[in-house]
Amino acid sequence: MTKNPYEIRFDLLTFARDSLTSEYYAKIEEAKNFPNKLANGLPKYPTNDDVFRLAEEYKSFIERK
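About the thresholds
- Residues numbered from 1 in each chain as written.
- Predicted model: local features only at pLDDT ≥ 70, side-chain atom pairs only at ≥ 80, totals over all residues.
- Heavy atoms only, no water.
- Helix = DSSP H or I, 4+ residues; strand = E, 2+ residues; numbered from the N terminus.
- Rg over C-alpha atoms; globule rule 2.2 N^0.38 Å.
- Buried < 20%, exposed > 50% of the residue type's maximum accessible area, 1.4 Å probe, protein only.
- Areas by Shrake-Rupley, 256 points an atom, 1.4 Å probe, with all protein chains shown as cover.
- Expected span 1.5 Å × (residues − 1).
- Arc of directions from axis to C-beta.
- Contact = heavy atoms within 4.5 Å.
- Axes fitted to C-alpha atoms, helices over the stretch in contact; angles between N-to-C directions.
- Parallel < 35°, antiparallel > 145°, perpendicular 65-115°, else oblique.
- Left-handed = near helix turned anticlockwise from the far one by under 90°.
- Phe/Tyr/Trp six-rings, centres within 6.5 Å; stacked < 30°, edge-to-face > 60°.
- Core = buried A, V, L, I, M, F, W, Y, C linked by side-chain atoms within 4.5 Å.

*Asks:* So what exactly am I meant to see when it comes to the overall build of the protein here?
*Replies:* Secondary structure summary: the protein contains two helices and zero strands in total. In terms of overall dimensions, the protein is more spread out than a globule: its C-alpha atoms have a radius of gyration of 15 Å, far above the 11 Å expected for 65 residues. Seen along its three principal axes, the alpha-carbon backbone of the protein occupies a region of about 50 × 20 × 20 Å. The buried share of the protein, taken over its 65 residues, is 18%. Carbon and sulfur atoms make up 57% of the accessible area of the protein, which totals about 5,700 Å².

Given below as C-alpha cells:
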C-alpha cells in the first residue's frame, strides 16, 4: 500500500523527533557517566523548530536525484 503525501510528511516528522530525542537522552546518559561534561550544562531538549528543521533536511535528501 502506498502512502499519501500527508502520511509521508508525518513519518518524516516522527523520524526527526525520534532521532533528536534519542540523541538528547544519549547525551543525558553520557553526562551521568561523565559528570565533568556537565560543566557545559545539561543538553537542551529539542524544540519543534529543531524537529521541523531536521525533517526538512531529510525531505531534501530524499528529493535529491
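*Asks:* How should I be thinking about helix α2 (residues 48-63) in this particular structure?
*Replies:* In an α-helix there are 3.6 residues to a turn, and that puts residues three or four apart on one side. Here α2 spans 22 Å end to end across 16 residues, near enough to the 22 Å set by a 1.5 Å rise per residue. Listing the buried residues of α2 in full gives Asp50, Val51, Leu54 and Ala55. End-on, the buried residues of α2 take up no more than an arc of 130°, which puts them together on one face. Residues Asn48 and Asp49 are exposed on α2 and point more than 90 degrees away from its buried face.

*Asks:* How do you make sense of the side chain of Thr21 when you look at a structure like this?
*Replies:* If you trace the backbone, Thr21 turns up in helix α1 (residues 5-33). Sequence-distant contacts of Thr21, defined by excluding residues within four places in its chain, comprise Tyr45 and Pro46.

*Asks:* Would you mind showing me how to read the packing of α1 against α2 here?
*Replies:* In a packed pair of helices, the relevant descriptors are the angle between the two axes and the axis-to-axis distance. Look at α1 against α2: their axes get within 8 Å of each other, and the N-to-C directions meet at 120°. As summarised for this structure, α1 and α2 are arranged oblique, according to the angle between their axes. In this structure, α1 crosses over α2, and the sense of that crossing is right-handed. Counting all contacts with α1, which are made through Leu12, Leu13, Phe15, Ala16, Arg17, Ser19 and Leu20, the residues of α2 involved are Asp50, Val51, Phe52, Leu54, Ala55, Tyr58, Lys59 and Ile62.

*Asks:* Would you explain the packing of aromatic side chains in this entry?
*Replies:* What characterises a pair of aromatic rings is the spacing of the ring centres plus the angle enclosed by the ring planes. Applying the stated criterion to the full structure yields three aromatic pairs. Both rings, one in Tyr24 and one in Tyr25, keep their centres 5.0 Å apart while their planes meet at 75°; by these two values the pair is edge-to-face. These aromatic residues form a ring-pair network of at least three members: Tyr24, Tyr25 and Tyr45.

*Asks:* How should the nonpolar core be read in this particular structure?
*Replies:* It is characteristic of soluble globular proteins that their nonpolar side chains tend to be buried jointly. In terms of nonpolar packing, the biggest core is built from five residues, these being Ala16, Leu20, Val51, Leu54 and Ala55. Per-element accounting of this core gives the leading share, three residues, to α2. Those residues in contact with Leu54, other than ones at most four positions away along the chain, are Ala16, Ser19 and Leu20.

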